[in-house]
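One-letter residues, chain by chain:
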Amino acid sequence: MTDTPAAAVDDGTAAALEAGLVAPRTRLSAPRPRAVAVILRTIGPLALLGGWALASATGALTQDVLASPAQVADAVGELWGNGQLADALTVSLTRAGLGLVFGAGVGLVLGVVTGFFRLGEELLDSAVQVLRTVPFLALVPLFMVWFGITETAKIALIGVATSFPMYVSTSGGVRNTDRKLIEAMRSFGLGRWAIVRTVVLPGALPSLLSGLRLSMTLSVIALIAAEEINSTEGIGYLMAQAQNFSRTDILAVCILIYGLLGLTADGVVRLLERFLMPWRKATQGAGR
């Protein structure tokens, strides 16, 4: 009796081959060494840097258009040596950090309220969606009227810009929480806020981290706009001074710093994902 199923399988395979069907093959992806992944990630930036240096060396890029990488490196040494770069970084990072904490915190709370509570969605979601469509740059004149030329206006602008991505991601993640699991927790006597803390937020963690990544990126973009509000310190102030004196080397330094801030913010969220969701790395690696 044990030979009959095997014979049937062999007959079925032979018939499939005669019909021109191909036997399925399982594709197994071998894990890529970390060193190789790091090298591949650096190829793009190194290629850009090499092209920039080549264009400067051949005269395709003149100093009045864009300084060479060597001149930019000298400008970094100059600004760091006289303390301007360290002071500007401290001020700009403080502005971006405070605005991000305020904006992401507000977006998180509003997202939980509208995503988990029906009354909260009915009362707040439409108003937040209307405000979300307003470009945050359009609020600059209004904030200057409200807060004057102060740090409050700059931090508030960054906070507004970073709150909406966090709100959208949080609200969507909370709504997608398994309702059967929530009902099970209610049957055990857990209150609403206990369910939010122990079930909803952990279940919405991927969405929360995605929203945080967008918010951190927008905090850098909003920082650039905020530091255009008559700043007397910060990276934006350095850019304004460099523009007045046509220092393209310092302008390039400031632009690169903004880019590095955005890249660092993205790296921080990636580290949080590895720490808070270790299973995701294994799943993504198996699918590549």
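What you see is a predicted model, and the numbers here were worked out from it, not measured in a lab. (Residues numbered from 1 in each chain as written. Predicted model: local features only at pLDDT ≥ 70, side-chain atom pairs only at ≥ 80, totals over all residues. Heavy atoms only, no water.)

Peer 1: What exactly am I supposed to notice about the overall build of the protein chain here?
Peer 2: Within the protein chain, the secondary structure is distributed over 13 helices and 0 strands. Going from N to C terminus, the protein chain has its helices and strands arranged as α-α-α-α-α-α-α-α-α-α-α-α-α. Per-residue burial over the protein chain gives 34% buried out of 288 residues. Summarising the internal contacts of the protein chain: among those between residues at least 6 apart in sequence, 73% fall at separations of at least 24. (Helix = DSSP H or I, 4+ residues; strand = E, 2+ residues; numbered from the N terminus. Buried < 20%, exposed > 50% of the residue type's maximum accessible area, 1.4 Å probe, protein only. Contact = heavy atoms within 4.5 Å.)

Peer 1: What is the right way to read the pattern of salt bridges from this model?
Peer 2: Between side chains of opposite charge, a pair can form when the charged atoms approach closely. Taken as a whole and assessed by the stated rule, the structure comprises 9 salt bridges. The salt bridge involving Glu-78 is made with Arg-247; its shortest N-O contact spans 3.2 Å. Of this pair, Glu-78 sits in helix H3 (residues 69-81) while Arg-247 sits in the loop between helix H11 (235-244) and helix H12 (248-276), and the two are 169 residues apart along the sequence. Arg-95 serves as the salt-bridge partner of Glu-151, at 2.8 Å between the closest nitrogen and oxygen. In this pair, Glu-151 sits in helix H7 (residues 151-175) while Arg-95 sits in helix H4 (residues 84-116), placing the two residues 56 residues apart along the sequence. A network of salt bridges, in which partner residues are shared, links Arg-213, Asp-266, Arg-270 and Glu-273. (Salt bridge = Lys/Arg side-chain N within 4 Å of Asp/Glu carboxyl O.)

Peer 1: I tried to follow the packing of aromatic side chains on my own but got confused; where do I start?
Peer 2: Describing an aromatic ring pair means giving the distance of the ring centres and the angle of the ring planes. Summed over the entire model, instances satisfying the criterion amount to 5 aromatic pairs. The interplanar angle of 90° and the centroid separation of 5.0 Å between the aromatic rings of Phe-116 and Phe-117 together place this pair among those described as edge-to-face. Residues Phe-116 and Phe-117 agree in their burial class; the two are buried. Taking 5.6 Å as the distance between ring centres and 80° as the angle between the ring planes, the aromatic pair formed by Phe-143 and Phe-147 counts as edge-to-face. Of this pair, Phe-143 and Phe-147 both sit in helix H6 (residues 140-147), 4 residues apart, roughly one helical turn. Phe-143 gets classed as buried once you look at its relative accessible area, which sits at 6%. The exposure class assigned to Phe-147 is partly exposed, which follows from its relative accessible area of 32%. By the ring-pair criterion, three or more aromatic residues cluster together here, those being Phe-116, Phe-117 and Trp-193. (Phe/Tyr/Trp six-rings, centres within 6.5 Å; stacked < 30°, edge-to-face > 60°.)

Peer 1: Honestly, unusual backbone geometry in this entry has me stumped. Any pointers?
Peer 2: At Ser-246, a position not held by glycine, the phi torsion is positive, near 55°. Here Ser-246 is to be found in the loop between H11 and H12. Look at Ser-246 and you get exposed, because its relative accessible area is 61%.

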